[in-house]
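Chain by chain, the residues run as shown.
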Amino acid sequence: MLNIVLFGPPGAGKGTQSHHLIQKYNLVHLSTGDILRGEISNGTPLGLEAKKLMDQGLLVPDEVVIGMISNKLDQNAAAKGFIFDGFPRTVAQAEALDQLLTSKNDGISGMIALEVDEEELQKRLLIRGKDSGRPDDQNPEIIKKRVAEYTSKTAQVANYYQSQHKFYAVKGVGSIDEIFGNIVKVIEELTK
Ligand code: ADP
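All chains use their own residue numbering, which begins from 1 and follows the written sequence. Under the rules for a predicted model, residues below a pLDDT of 70 receive no local features and side-chain atom pairs below 80 are neither given nor counted, while totals for whole chains, interfaces and linings still include all residues. Values reported for side chains reflect all heavy atoms of the structure, with hydrogen atoms and water molecules removed beforehand.

A. Representation of the overall build of the protein within the structure. Secondary structure elements follow DSSP: runs of H or I of four or more residues count as helices, runs of E of two or more count as strands, with numbering from the N terminus. Along its length, the protein carries 9 helices and 5 strands. Each helix (α) and strand (β) of the protein, taken in turn from the N terminus, gives the series β-α-β-α-α-α-β-α-β-α-α-α-β-α. Against the 2.2 N^0.38 benchmark of 16 Å for 192 residues, the protein shows a C-alpha radius of gyration of 16 Å, consistent with a compact globule. Considering only C-alpha atoms, the protein reaches an extent of 45 × 40 × 30 Å along its principal axes. Each residue is assigned to one of three classes by its accessible area relative to the maximum for its type, calculated with a 1.4 Å probe on protein chains only: buried under 20%, partly exposed between the two thresholds, exposed over 50%. Expressed as a percentage of its 192 residues, the buried residues of the protein come to 45%. In the structure as shown, the protein presents an accessible area of about 9,700 Å², 53% of it carried by carbon and sulfur atoms. Between the centroid of the 22 positive side chains of the protein and the centroid of its 25 negative side chains there is a distance of 2 Å. Restricting the calculation to C-alpha atoms gives the radius of gyration, and the globule rule supplies 2.2 Å times the number of residues raised to the power 0.38. Residue burial considers only the protein chains on display, and all accessible areas are found by Shrake-Rupley using a 1.4 Å probe. Charge assignment in this entry is limited to Lys and Arg as positive and Asp and Glu as negative, and neither His nor the chain termini are counted. A charge is said to be at NZ when it belongs to Lys, at CZ for Arg, at CG for Asp and at CD for Glu.

B. View of the site of the ligand. If even one non-hydrogen atom of a residue comes within 4 Å of a molecule or strand, that residue is called near it. Around the ligand lies a shell of 19 residues, among which T32, R37, L58, Q93 and R128 are the nearest. Whenever two N or O atoms come within 3.5 Å, that pair is a polar contact, provided that in protein one can donate a hydrogen and the other can accept it, and provided that, for residues adjacent in sequence, both atoms are side-chain atoms. Contacts to the ligand include R89, whose side-chain N or O atom sits 3.0 Å from an oxygen atom. One of the side-chain nitrogen or oxygen atoms of R128 is found 2.7 Å away from an oxygen atom of the ligand. Within the complex, the protein chains bury 97% of what would otherwise be the 550 Å² of accessible surface of the ligand. We place a 1 Å grid over just the protein atoms. Points where a 1.4 Å probe fits but has no way out form a cavity, open points with protein on both sides within 12 Å along at least 5 of 7 lines form a pocket, and any residue with an atom within 4 Å of a point lines it. Here the criterion for a molecule occupying a pocket or cavity is that more than half of its atoms lie within 2 Å of the pocket grid points. In this structure, the ligand is accommodated by the largest pocket. When residues of the shell around the ligand are assigned to their parent elements, the largest contribution, 4 residues, is made by helix α2 (residues 32-41). For the shell around the ligand, the residue count by class is 8 nonpolar, 4 polar and 7 charged. In this classification, the charged set is Asp, Glu, Lys and Arg, the nonpolar set is Ala, Val, Leu, Ile, Met, Phe, Trp, Tyr, Cys and Pro, and all remaining amino acids, among them Gly, are polar.

C. Up close: the pattern of salt bridges. Salt bridge, as applied in this entry: a Lys or Arg side-chain nitrogen positioned within 4 Å of an Asp or Glu carboxyl oxygen. In the structure shown here, the tally under the stated rule is 14 salt bridges. Here E49 ties to K52 by a salt bridge, and the two come within 3.0 Å at their closest N and O atoms. Of this pair, E49 and K52 both sit in helix α3 (residues 45-54), 3 residues apart, roughly one helical turn. Between K123 and E120 there is a salt bridge whose closest N-O contact spans 3.7 Å. Linking K123 with E120, this pair stays in helix α6 (residues 118-132), spanning 3 residues, or about one helical turn. Three or more residues joined by partner-sharing salt bridges are found here, namely R128, R134, D136, D137 and R146.

D. The layout of surface pockets, seen in detail. Grid points are joined across faces, edges and corners, and a volume is the space filled by probe spheres set on the points. Within this model, the largest pocket holds a volume of roughly 910 Å³. Around the largest pocket, the lining is made up of 45 residues, and of these P10, K14, R89, R128 and R134 lie nearest the centre. For the lining of the largest pocket, the secondary-structure elements that each account for two or more residues are β1 (2-7), α1 (14-25), β2 (28-31), α2, α6, α7 (140-154) and α9 (176-190). Split into classes, the residues belonging to the lining of the largest pocket amount to 17 nonpolar, 17 polar and 11 charged.

E. Just the packing of α2 against helix α4 (residues 62-75), in detail. Fitted lines through C-alpha atoms give the axes, limited to the stretch in contact for helices. The angle between two N-to-C directions lies from 0 to 180 degrees. Close contact between α2 and α4 brings their axes to 11 Å; oriented N to C, the two are set at 95°. With respect to α4, the axis of α2 lies roughly perpendicular. Each of T32, I35 and L36 in α2 lies in contact with α4, whose residues at this interface are V65, M68, I69 and K72. The class makeup of the residues in the contact of α2 with α4 is 5 nonpolar, 1 polar and 1 charged. Angular relationships are summarised with four words: roughly parallel below 35 degrees, roughly antiparallel beyond 145, roughly perpendicular across 65 to 115, and oblique for the angles in between. Here a residue-residue contact requires only that any non-hydrogen atoms of the pair lie within 4.5 Å.

Purely spatial values, then, with no claim about function.
And the structure:
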C-alpha cells in the first residue's frame, strides 16, 4: 500500500495537493480537519467539543483524532492506500498511527513536507478565510495561535519520520502543478 503523510503548517497546501494525489494514485484522503468539520456540521457531541478548541486555534485531544483515524482505516479496509492530511499532528499521534498500521501489517511509505515561508502562509490563510468561510481562517490572532501550536507540537513530527528515514521535503511555493510534479517525483522514488 501507498501511505503518505502530507505535512506542513496551516495554509501549506495540503488539502489542494491531497485532492490531486488521490486521483492520480487512487488513494483515500483522510483529513482530520475535514472529519472534524463534518462532525461540527452534523452537530455531534464530538463536534461540539472539538469546535470549542478549533475556534481558538488549539489542537483537539490526541485520543479523539486517533479514534477517528482508527475508524476510517477500518471503514476503508480495501483501500489501495491513504493520504493522511493534517494528521499526525503530535508525536503521540504518529506513534499511534504506526501501531494502527502495523496491526494491519502495513506502514507509512513516507512523509512529504510542504515548505512555505511564514509571510506567504499568513497571506494564503487570510485569502482562504474570505472564500472558505472557515472561522479559524478569518482572525489573525487565531491564525497566530495555530502557527504556535504547529511550532510547539507539530513540527517535531517531522523528526519522528526523519529518524525512520521517511522524511521528504518539497518546496510548497510555485504553481499547484509544479508543486504536484515535485510531490509525484518523491512518490516515484518511494515506489521504485
Ligand atoms: P489547517 O491545516 O489549515 O490548520 P485543518 O483543517 O487541518 O487546517 O485543521 C483545523 C483544526 O482542526 C486545527 O486547528 C485543530 O484544531 C483541529 N485538528 C485537525 N487535525 C487535528 C489533529 N490531527 N490533531 C489535533 N487537532 C486537529
